[in-house]
Amino acid sequence: MSSLPVRAPLRIGVVGAGRVGAVLASALRAAGHPVVAAAGESDASRGRIAALLPGVPVRKPSAVARACDLLLLTVPDDMLGNAVSMLAASGALREGQVVAHTSGRHGLAVLDPATALGCRPIALHPAMTFTGTAVDLPRLAGCTYGVTVADGEHGLAEQLVSDLGGRAVRVPEERRALYHAGLAHGANHLVTLVSEALELLSSAGFDDPGATLRPLLEAALANSLGQGDSALTGPVVRGDVETVRAHVAELAAQAPDSLPSYIALARATLDRVVTDGRVLPIRAAAIRRVLDAADAGDQLPHPQP
């Protein structure tokens, strides 16, 4: 199998110029790898190519694949397998070509049609959230990449990550979905949670709920990253049954869409603090009854003063 030296500049082609693809291609270009072509169908994708990859021609995916040494596939997870199969069947891929995707969920198996043709497969997922603008470029410094590669390809993958300014962490093929679930649960669901909190404070009369939440959330995040669930505070950890009762009653009346997530997270918090003895069993049982009643839609008695 022919291959390129690890440190040789690679002609980059990107298929799927979404929020991730255009940014990573721009970063690789800045590191000395020429971007020779990009594929993007939507107006938003073409706008990103124009903004982040000026001068790079927009081509069909098969033309992009034929033109490059490193094909960067940054399409949605559910489209990735079909994209690889179509490019392989079209004859656009060749032996020795590097074919990399940025999916967190997928490993190397999804690239099997390319691997069968002698391509060098790499799963290269940045553990970062993207806007698809130049704002993302400095955020890549120090970013962790979940990498899955075949034997003998670690050097190439680590060099690409280094060129992106990041840190490579090897993820076994069978652990990719678990790895990605951890990231999605921690980051994507955090956005949902914070959005609900902003809405609740706005409903409570705060003109700038973000200014109120920012220092609290930054401190909570820093504490939890450093201390794990030892950083937990609040009414569940204190065993404040009546405060939890007041919360769920008000949410049921004023913000019912936020009630299910509050109940789910309160239960998860309760499980953690009961296990290590921070909440007495009798208080934990009382909080659980309050949560169960709210979940069932039962009428809750007015909280005691």
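Above this text you will find the structure in question.
Note that the structure is predicted; figures quoted are calculated from it, not measured. (Residues numbered from 1 in each chain as written. Predicted model: local features only at pLDDT ≥ 70, side-chain atom pairs only at ≥ 80, totals over all residues. Heavy atoms only, no water.)

Draft legend 1. Representation of the overall build of the chain within the structure. Helix and strand counts for the chain come out as 12 helices and 7 strands. The C-alpha radius of gyration of the chain comes to 24 Å, more than 25% above the 19 Å expected for a compact globule of 305 residues. Based on the C-alpha atoms only, the size of the chain along its principal axes is roughly 75 × 40 × 30 Å. By sequence separation, contacts in the chain at least 24 residues apart represent 63% of the contacts at least 6 residues apart. For the chain, the accessible area works out to roughly 15,900 Å², and carbon and sulfur atoms hold 57% of it. Within the chain, one finds 26 positive and 29 negative side-chain charges whose respective centroids are separated by 6 Å. (Helix = DSSP H or I, 4+ residues; strand = E, 2+ residues; numbered from the N terminus. Rg over C-alpha atoms; globule rule 2.2 N^0.38 Å. Contact = heavy atoms within 4.5 Å. Areas by Shrake-Rupley, 256 points an atom, 1.4 Å probe, with all protein chains shown as cover. Lys, Arg positive; Asp, Glu negative; His and termini not counted. Charge placed at Lys NZ, Arg CZ, Asp CG, Glu CD.)

Draft legend 2. The side chain of Arg245, seen in detail. Topologically, Arg245 is positioned in helix α10 (residues 241-254). Accessibility expressed as a relative area gives 15% for Arg245, which makes it buried. Within the structure, Arg245 has its side chain in polar contact with the side chain of Glu242 (distance 3.0 Å). (Buried < 20%, exposed > 50% of the residue type's maximum accessible area, 1.4 Å probe, protein only. Polar contact = N/O pair within 3.5 Å; in protein donor to acceptor, adjacent residues only side chain to side chain.)

Draft legend 3. Here's a closer look at the environment of Gly18. Note that Gly18 resides in the loop between β1 (12-15) and α1 (21-30). Placed 27 residues apart in sequence, Gly18 and Ser45 show a C-alpha to C-alpha distance of 5.6 Å. Beyond its immediate chain neighbours, meaning those up to four positions away, Gly18 contacts Ser45 and Arg48.

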